[in-house]
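Secondary and tertiary structure notes
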Amino acid sequence: MRNFNGEMTVLFNGEEWNSPISFSLQKQITCSPNNSIIPLGFGFTAYDESGYFQRILDLGFILPTTEIQSAQELLKNTSQNDPNFANTVGQPARPGYITTIGYDAISTVYLLDSELRESYFQLTHYDSDKKEIHGVFELEFFLSSKSSSEPNAPDRIKFTQGKFVAKAPQEWFQWGRECDPR
């Protein structure tokens, strides 16, 4: 059972996809003596486990900022900050979209195209009353590998008009703080 704390809506190659997401703290500094948390990065993963086929969108390592993060920045941040984030074809860590059959047989692997200027991810705002983070994204991926079960997999896929909201503690979004040296 997955731990979902949010929802996303996106156009996937022009068709609407609604999916639960997991938005999580990936890296942090814990300050002494009060154990307050300074976030260094977040993870975003969407799952669609309908029936026998699954699809997973994993955006890797997201910086704690409301500035727009380009595809190049997402790629750089993921490879530098999440060395355990590796795809199944032995390439450097990068955000990806994967389809599987029966929860274990990978049918396609798409990797984020970091050369496109139009691709981006942005945390737009934090609603402290509802304790929710909101964001938007537009991303394009290229086909890296496919199995014989997906002979007609497209060479490229696009996620457009992406929006998400996820529950998250307010302390994750008090940015600009530093550890008290006492």
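If you're wondering where the values come from, they're calculated on a predicted model, not measured in any experiment.

**Describing the overall build of the protein chain**
- When you go through the protein chain residue by residue, the secondary structure sums to 1 helix and 10 strands.
- Residues classed as buried in the protein chain amount to 43% of the 182 residues present.
- Residue pairs in contact within the protein chain that sit at least 24 positions apart in sequence constitute 57% of those at least 6 positions apart.
- For the protein chain, the exposed area adds up to about 9900 Å²; of that, 48% sits on carbon and sulfur atoms.

**Describing unusual backbone geometry**
- In the Ramachandran plot, Asn 13 falls in the positive-phi region, its phi being about 50° despite a non-glycine side chain.
- Mapping Asn 13 onto the fold places it in the loop between strand 1 (6–12) and strand 2 (15–31).
- One non-glycine residue, Lys 131, lies in positive phi territory at about 55°.
- Mapped onto the elements of the fold, Lys 131 is located in the loop between strand 8 (120–127) and strand 9 (132–146).
- A residue is classified by how much of its surface remains accessible, and Lys 131, at 41% relative accessible area, is partly exposed.

**Section: the pattern of salt bridges**
- The tally for this structure, following the rule as stated, stands at 4 salt bridges.
- Among the ionic pairs, Asp 113 bridges to Arg 156, the shortest N-O distance being 2.2 Å. With Asp 113 in the loop between strand 7 (105–112) and strand 8 and Arg 156 in strand 10 (residues 156–167), this pair connects stretches of sequence that are 43 residues apart.
- Exposure remark for Asp 113: the relative accessible area of 11% places this residue in the buried category.
- A salt bridge links Lys 158 to Glu 140; the nearest nitrogen and oxygen atoms lie 3.9 Å apart.

**What to know about the confidence of the model for the protein chain**
- Predicted confidence across the protein chain gives a mean pLDDT of 81, with 81% of residues reaching 70 or more.
- Mean pLDDT across the elements of the protein chain ranges from a minimum in strand 3 (residues 36–48), with 77, to a maximum in strand 10, with 94.
- Every residue in residues 85–92 scores below 50 in pLDDT, and together they form 14 contacts with partners more than four places removed in sequence or on other chains.

How each quantity is defined
Residues numbered from 1 in each chain as written. Predicted model: local features only at pLDDT ≥ 70, side-chain atom pairs only at ≥ 80, totals over all residues. Heavy atoms only, no water. Helix = DSSP H or I, 4+ residues; strand = E, 2+ residues; numbered from the N terminus. Buried < 20%, exposed > 50% of the residue type's maximum accessible area, 1.4 Å probe, protein only. Contact = heavy atoms within 4.5 Å. Areas by Shrake-Rupley, 256 points an atom, 1.4 Å probe, with all protein chains shown as cover. Salt bridge = Lys/Arg side-chain N within 4 Å of Asp/Glu carboxyl O. pLDDT = per-residue confidence, 0-100.

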